[in-house]
Amino acid sequence: MTSAAADDALVDFQACWTEIDLPAHVREVLAAAPLVQAPETRQQLMDWALGRSTGETDWTLGNRDDRGQYDVGFQTPGLGRVAEAVITKARNGLAINFPDPAMRRRDPDAMVIGDQLPTDKPTYQERFGQPFDPTRQETLDWLKTQELVAMPFYAGADALGYGSLLIVPRQAAFFAAALADLQGMIPRSQVPASFKITGGVLFVAPPFRHTHFAGRQVVVHDRQATHQEIFAYNLYPGPSAKKGVYSMLLDKGEHEGWTTNHCAAVAVVTPYENQLILMHEGASGGGKSEMTEHIHRMDDGRLLLGKNVVTKEQRTLNLPEACHLRPIADDMACAHPKYQGTSGRLAVADAENGWFVRVDHIHSYGTAPNLERLCIDPPEPLIFLNHYIVPGGTCLTWEHTEDAPGKPCPNPRVILPRRMLEDILDGPQRVDVRSFGVRCPPTHRDSQLYGILAMLHVLSPALAWLWRLVAPRGHANPSIQASKSREMQSEGVGSYWAFATGRRVDQANLLLQQIVNTPETRYVLIPNQHIGAWKVGFMAEWIAREYLARRGSAKFAREQVGEAPCPLLGYIPNQLKIEGSLIPRVFLQVEEQIQGGMDVYQEGARQWREFFSSELKQFLVPELDPLGRRIVEACLDGATQEDYRRLIPHPMFREDGA
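Worth saying up front: this structure is predicted, and the values here are computed from it rather than measured. (Residues numbered from 1 in each chain as written. Predicted model: local features only at pLDDT ≥ 70, side-chain atom pairs only at ≥ 80, totals over all residues. Heavy atoms only, no water.)

1. Some words on the side chain of Lys555
(1) Moving on: Considering the arrangement of structural elements, one finds Lys555 in the loop between helix H13 (539-551) and strand S30 (561-563).
(2) Moving on: No salt bridge is formed by the buried Lys555, whose closest oppositely charged neighbour, Glu520, lies at an N-O distance of 4.1 Å.
(3) Moving on: Discounting chain neighbours no more than four positions away, the residues touching Lys555 are Glu520, Arg522, Gln560, Pro651, Met652, Phe653 and Arg654. (Helix = DSSP H or I, 4+ residues; strand = E, 2+ residues; numbered from the N terminus. Buried < 20%, exposed > 50% of the residue type's maximum accessible area, 1.4 Å probe, protein only. Lys, Arg positive; Asp, Glu negative; His and termini not counted. Salt bridge = Lys/Arg side-chain N within 4 Å of Asp/Glu carboxyl O. Contact = heavy atoms within 4.5 Å.)

Pasting the structure below:
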């Protein structure tokens, strides 16, 4: 190893980790383990995922002869060898399947806080009746007995320098491969000699799920003075490799005064070459990935706007040419202070190296041709989760693992590295419009629920902030394990609360300052799944995307919108016209739908009022920003649209100036 004094020197991590500034207990684990391997390439990790040595696999796409399969199992006290995952070699990559259906999607209660720092989350002491320290030490001691993969990476964009490290048993190397695709990896020979852990360390110990946690998903977050340590006790990467790293970024932002938004972002280029950048936020299942997806068409090229669940009537639209999409981010967009300029618009950059794309909506060939084509014939082997696969076969996006006979898993995923996506837009981008997605249930006389949102709502900044506080999880969320309750539930502040470790109020204040400091970014609200009695899927957001892009920077005139009958829903455009075609009124004036009417609408409005009231009261603590307190109290007192506009007087309408 050359002198570590030179900051720009690169070292071989596997050979020289002892000379790198690592936490003492990390060094102890690596020193005691019988084998420590650090990967140089992605292909190495793919080999190791199949239990093979480096270079043992022919990864030529379409390889028909390799029908390899590898069971990821661990000796577990009292149970013997327990299979946690099955890795199957496919012609187009690796298929990861979990024998336990509960491990196929994120448990919303997986997060537990193992430290004593301020938090509103359940602590290990509260949930398990003892401090985390003994279990933490048992975990480290167990890892010392395992052959390990140690993989350095950066949490978030490499340029931000939040050094992090994964330590995982070698037989679960697929987990490292998934993390490398999601966040990137630093090749073992390219690690800076000055590398330090400032992001976090992720430890993976699957047997503890059975010996300590009754088979449940548990991910313990243990915050240190300089970084966060995450102890993952299951192998589904959602709550750890994906959202665990998100937690590291939220933790850094909480200390440094910024946040990482839970969103997709896309540059939408119209047929006339105008560009609008949309940032779509919301809970899991709220349409983030779909915002960067091409619009779906019927066989004859028309768009199916919706199908009435009562009358079975269909409404369609002819749209000869859709906008061109340049994806920016799929789920996590970092709004770091280094990115912000003087434009008055929020600037964000992708916080990920790859996208964890859910494909539950693809049930047959031709549903999403561009995505299907990329997955069937990718430039490099891909990683699929929860897909049915025959060893040596091709992993198909519409063939999903079954949780039970005839019941497909609702959370099939594919990890798409950014470098494989067409027309990707790199680096910080300035956001024109921030949208918020809500999954809505069918709502009519026989189903009087909260699906009263129109195809597009225009929100004042104050009201937009409130939607990010209450963050409804919405109807039939496919991404998480949840109850079958018909009542609304919240994903928590920012819709990323499930991944944050600290206090709600701190995140609420950061989001408020983000909005106050970006007066030129506008806000809209978009439903998916249903608009009243009409099943729309994600068509509402695709239509809204097309419409907003064609409007470009033009603000609405005040007379072009009307106040929604429910004040929490802001303003509704009087009409939406795309390429000369008007969107039917039933998708804008939900209270006029024959299957519902004003009575059904008012019942939905009541449910929204009660939901906002129950969720917002918890933010009325002394630490809440005084402006935020005024906004929350105004909402609880039944504020009007003009009340919200005055609270954060950013220009909304054409006549507001600016």
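2. Notes on the environment of Asp331
(1) Moving on: With respect to the helices and strands, Asp331 occurs in the loop between strand S17 (324-329) and strand S18 (332-334).
(2) Moving on: In this structure, the C-alpha to C-alpha distance between Asp331 and Arg551, residues 220 residues apart in sequence, is 25 Å.
(3) Moving on: In contact with Asp331, not counting residues within four places along its chain, are Lys242, Lys243, Asn261, His262, Cys263, Ala264, Lys288 and Glu352.
(4) Moving on: Polar contacts involving the side chain of Asp331 include one to the side chain of His262, which spans 3.1 Å. (Polar contact = N/O pair within 3.5 Å; in protein donor to acceptor, adjacent residues only side chain to side chain.)

3. Regarding the nonpolar core
(1) Moving on: Counting 190 residues, the largest nonpolar core has Leu166, Phe174, Trp465, Leu466, Trp467, Trp608 and Phe612 as the members making the most contacts within it.
(2) Moving on: For this core, the leading source of residues is helix H6 (residues 173-183), giving nine residues.
(3) Moving on: Once residues lying within four places of it in the same chain are set aside, the contact partners of Leu166 are Val149, Ala150, Met151, Phe153, Phe175, Ala176, Leu179, Leu202 and Val204.
(4) Moving on: Among the nonpolar cores identified, the runner-up in size contains 21 residues, and Trp355, Cys375, Cys395 and Leu421 belong to it. (Core = buried A, V, L, I, M, F, W, Y, C linked by side-chain atoms within 4.5 Å.)

4. Quick look at the pairing of strand S26 (residues 433-439)
(1) Moving on: Burial analysis of S26 places seven of its seven residues in the buried class, which makes it a mostly covered element.
(2) Moving on: Of the two faces of S26, the one holding Val433, Ser435, Gly437 and Arg439 and the one holding Arg434, Phe436 and Val438 are both buried throughout.
(3) Moving on: With four bridges connecting them, strand S14 (residues 275-281) and S26 associate as parallel partners. Residue pairing across strands places Leu278 opposite Val433, the latter belonging to S26.
(4) Moving on: Bridge analysis of S26 against strand S28 (residues 522-531) gives seven bridges, and the strand direction is parallel. Within S28, the position partnered with Ser435 by the bridge is Val524. (Pairing = 2+ DSSP bridges.)

5. Observations regarding the sheet that holds strand S12 (residues 228-232)
(1) Moving on: Ordered by their spatial adjacency, seven strands build an open sheet running S2-S7-S8-S10-S12-S11-S6, and the pairing between neighbours is mixed. One side of each edge strand has no neighbouring strand; the edge strands of this open sheet are strand S2 (35-37) and strand S6 (111-113). Going across the sheet, the axis of each strand differs from the next one's by a mean of 20°, ignoring polarity.
(2) Moving on: As paired elements, strand S10 (residues 200-204) and S12 share five bridges and run parallel to each other. Bridging across to S12, Leu202 finds its partner in Ile230.
(3) Moving on: Relative to strand S7 (residues 147-154), H6 is tilted by about 5°, and along the sheet it contacts S7, strand S8 (163-169) and S10. (Axes fitted to C-alpha atoms, helices over the stretch in contact; angles between N-to-C directions.)

6. So, the packing of helix H8 (residues 238-256) against helix H12 (residues 504-516)
Packed helices, taken two at a time, are described by the angle their axes make and the gap between the axes.
(1) Moving on: Put simply, H8 and H12 touch, their axes get as near as 11 Å, and they point 75° apart. It follows from the interaxial angle that H8 and H12 lie roughly perpendicular. For the pair formed by H8 and H12, the contact residues are Leu250, Gly253 and Glu254 on the first element and Asp506, Gln507 and Leu510 on the second.
(2) Moving on: Looking at the contact of H8 with H12 residue by residue, the classes come out as two nonpolar, two polar and two charged. (Parallel < 35°, antiparallel > 145°, perpendicular 65-115°, else oblique. Nonpolar A, V, L, I, M, F, W, Y, C, P; charged D, E, K, R; others polar.)

7. Some thoughts on the sheet that holds strand S4 (residues 80-90)
(1) Moving on: Here we have six strands laid out as an open sheet, ordered S3-S4-S5-S21-S24-S20, and mixed in their pairing. Strands with a single pairing partner mark the edges of an open sheet, and in this sheet they are strand S3 (69-76) and strand S20 (354-358). Adjacent strand axes in the sheet meet at a mean angle of 25°, parallel and antiparallel pairs treated alike.
(2) Moving on: Pairing geometry for S4 and strand S5 (residues 93-97), over five bridges, is antiparallel.

8. Section: the packing of aromatic side chains
(1) Moving on: For the structure on display, the rule yields 29 aromatic pairs.
(2) Moving on: When the centroid spacing of 6.3 Å and the interplanar angle of 75° are considered together, the rings of Trp142 and Phe208 count as edge-to-face. Pair noted here: Trp142 is in helix H5 (residues 133-143) and Phe208 is in helix H7 (residues 208-211), with a separation of 66 residues, a long-range link.
(3) Moving on: The positively charged end of Lys121 is found above the aromatic ring belonging to Trp497, 4.5 Å away from the centroid.
(4) Moving on: If you follow Arg551 out to its NZ or CZ, it ends over the ring of Phe556, 4.0 Å from the centre. (Phe/Tyr/Trp six-rings, centres within 6.5 Å; stacked < 30°, edge-to-face > 60°. Lys NZ or Arg CZ within 6 Å of the ring centre and 35° of its normal.)

9. Things to note about unusual backbone geometry
(1) Moving on: Residues other than glycine seldom take positive phi values, yet Asp423 does so here, at roughly 55°.
(2) Moving on: Relative to the assigned elements, Asp423 resides in the loop between strand S24 (413-417) and strand S25 (429-430).
(3) Moving on: In this structure Asp423 comes out as partly exposed when scored by relative accessible area, which is 38%.
(4) Moving on: At Ala471, a position not held by glycine, the phi torsion is positive, near 40°.
(5) Moving on: Along the chain, Ala471 turns up in the loop between helix H11 (461-470) and H12.

10. Concerning the pairing of strand S13 (residues 260-269)
(1) Moving on: The buried fraction of S13 amounts to ten of the ten residues, a majority that puts the element mostly inside the structure.
(2) Moving on: Relative to S18, S13 runs antiparallel, the two being bridged by three bridges. Within S18, the position partnered with Asn261 by the bridge is Ala333.
(3) Moving on: Taking the residues that link successive antiparallel strands as the turn, the S13-S14 hairpin has five residues, and the phi of Glu273 there is positive, at about 70°.
(4) Moving on: Judged from the five bridges that link them, S13 and S17 form a sheet pairing that is antiparallel. The residue of S17 that forms the bridge with Val269 is His324.

11. Brief notes about the packing of H11 against helix H15 (residues 626-636)
(1) Moving on: Orientation of H11 relative to H15, taken along the N-to-C sense of each, is 85°, at an axis distance of 10 Å. With respect to H15, the element H11 is oriented roughly perpendicular. Contacts between H11 and H15 involve Ala462, Trp465, Leu466 and Leu469 from the former and Gly628, Ile631, Val632 and Cys635 from the latter.

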